[in-house]
Amino acid sequence: MNKRKAQSLFRRLLPVGVVLIIVLALSHHDPHRGRAVAGAAGGYLVEMMKILPAVVLLMGLIDVWVPKALIQRYLGQEAGWRGVLLALAFGTAPTGPLYIAFPIASGLLQKGARLSNVVIFLGTWAAAKIPQVMVEAKFLGLSFALLRLVLTLGAILAMGYLMEAFGKVKVPTKGVEEE
C-alpha cells in the first residue's frame, strides 16, 4: 500500500478510532455507561450490516441500469421545478434510516444531478417522509402536521438552493479516493 492510500485509509478510519477511545475511556471511568454505549454502538453496527449489503446491491443496479443522461435530464441543471418535484417525491416515499440515502445521493451527484435537488432529496428523506407525516397527524393533529410539513419543506428548499449558491461540492469518486 502506497503512502497516499495509507493516509486515505487512516483518515477514513480515524472517526472509528476516536469513538473506540471515547468508549474505552468512558468504560474505565463508568463501566455501566461504557457497556451501555458499547451495546448501543454494537446494535447500530449490526443494523447497518443487515441493511447495507442490499443498499450496495441496489446502488450497483442503479449505476448499471439508470443512464447518466436520464439523471441529468430529470434531476440535473436543466430540470427546473420538475427536478425539485422529483427530488421531493423520491425523498418522501421511502422508509428506513437516513444513512441509506447517502449512497443514493452520492450516486445521483456522480451521474450529474443538481446539488440543490440532492440536498432537497436528503432533507425530505430526513424530515418529511409520508409515513412519518401520517403518524405525526394521528398523534399531534392534522393541522400541526401540515403546518410543520409546509415549514419544513420551505426550509429544505431554501437549504438546497443556499448550498448550491455558497457551496462548492467535490463529488466523491467510486472506490478509494486518490488524494
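Residues numbered from 1 in each chain as written. Predicted model: local features only at pLDDT ≥ 70, side-chain atom pairs only at ≥ 80, totals over all residues. Heavy atoms only, no water.

A. Focus on the nonpolar core. Among the nonpolar cores identified, the biggest contains 23 residues, and Ile104, Leu108, Val118 and Phe121 are the most heavily contacted of them. At the level of secondary structure, the elements contributing two or more residues to this core comprise α2 (31–65), α3 (68–75), α4 (80–92), α5 (101–110) and α6 (115–127). Here this core gets seven residues from one element, more than from any other, and that element is α6. When near neighbours in sequence (up to four residues on either side) are disregarded, Phe121 contacts Ala87, Phe90, Gly91, Ala101, Ile104, Ala105 and Leu108. (Core = buried A, V, L, I, M, F, W, Y, C linked by side-chain atoms within 4.5 Å. Buried < 20%, exposed > 50% of the residue type's maximum accessible area, 1.4 Å probe, protein only. Helix = DSSP H or I, 4+ residues; strand = E, 2+ residues; numbered from the N terminus. Contact = heavy atoms within 4.5 Å.)

B. Molecular detail of a nonpolar patch on the surface. Together, Met1, Leu9, Leu13, Val16 and Leu20 line one region of the surface with nonpolar side chains, adding up to about 530 Å² of accessible area. By the element assignment, Met1 lies in the segment before α1 (3–29). (Patch = residues over 30% accessible without salt bridge, like charges linked within 9 Å, V, L, I, M, F, W, Y side chains within 5 Å. Areas by Shrake-Rupley, 256 points an atom, 1.4 Å probe, with all protein chains shown as cover. Salt bridge = Lys/Arg side-chain N within 4 Å of Asp/Glu carboxyl O.)

C. Summary view of the packing of helix α7 (residues 130–140) against helix α8 (residues 142–166). Following both chains from N to C, one finds α7 and α8 inclined at 140°, their axes separated by 7 Å at the closest point. Our classification of the angle between α7 and α8 gives oblique. Together, Gln132, Val133, Glu136, Ala137 and Leu140 of α7 and Leu142, Phe144, Ala145, Arg148 and Leu149 of α8 make up the contact between the two elements. (Axes fitted to C-alpha atoms, helices over the stretch in contact; angles between N-to-C directions. Parallel < 35°, antiparallel > 145°, perpendicular 65-115°, else oblique.)

D. Geometry of the side chain of Asn117. When you line up the elements, Asn117 lands in helix α6. Contacts of Asn117, omitting those with residues within four sequence positions, involve Leu75, Gly76, Gly83, Val84 and Ala87.

E. A look at the packing of aromatic side chains. For the structure on display, the rule yields two aromatic pairs. Summarising the aromatic geometry, the rings of Tyr44 and Tyr99 are spaced 5.7 Å apart at their centres and angled 85° between planes, so their arrangement reads as edge-to-face. Separated by 55 residues along the polypeptide, Tyr44 in helix α2 and Tyr99 in the loop between α4 and α5 bring together distant segments of the chain. Classification of Tyr44 by relative accessible area gives partly exposed; the value is 42%. Ring centres of Phe121 and Trp125 lie 5.7 Å apart, and the angle between their planes is 80°; this geometry places the pair in the edge-to-face category. Placement of the pair is Phe121 and Trp125 together in helix α6, with a separation of four residues, close to one helical turn. Each member of the pair, Phe121 as well as Trp125, carries the same accessibility label: buried. The ring of Phe139 has Lys138 lying over it, and the distance from NZ or CZ to the ring centre is 5.6 Å. (Phe/Tyr/Trp six-rings, centres within 6.5 Å; stacked < 30°, edge-to-face > 60°. Lys NZ or Arg CZ within 6 Å of the ring centre and 35° of its normal.)

F. A look at the environment of Phe10. Summarising the element assignment, Phe10 is placed in helix α1. Given the relative accessible area of 54%, Phe10 is considered exposed. Distance in space between the C-alpha atoms of Phe10 and Met134 is 43 Å, their sequence separation being 124 residues.

Remember that the coordinates give geometry; whether it matters functionally is a separate question.
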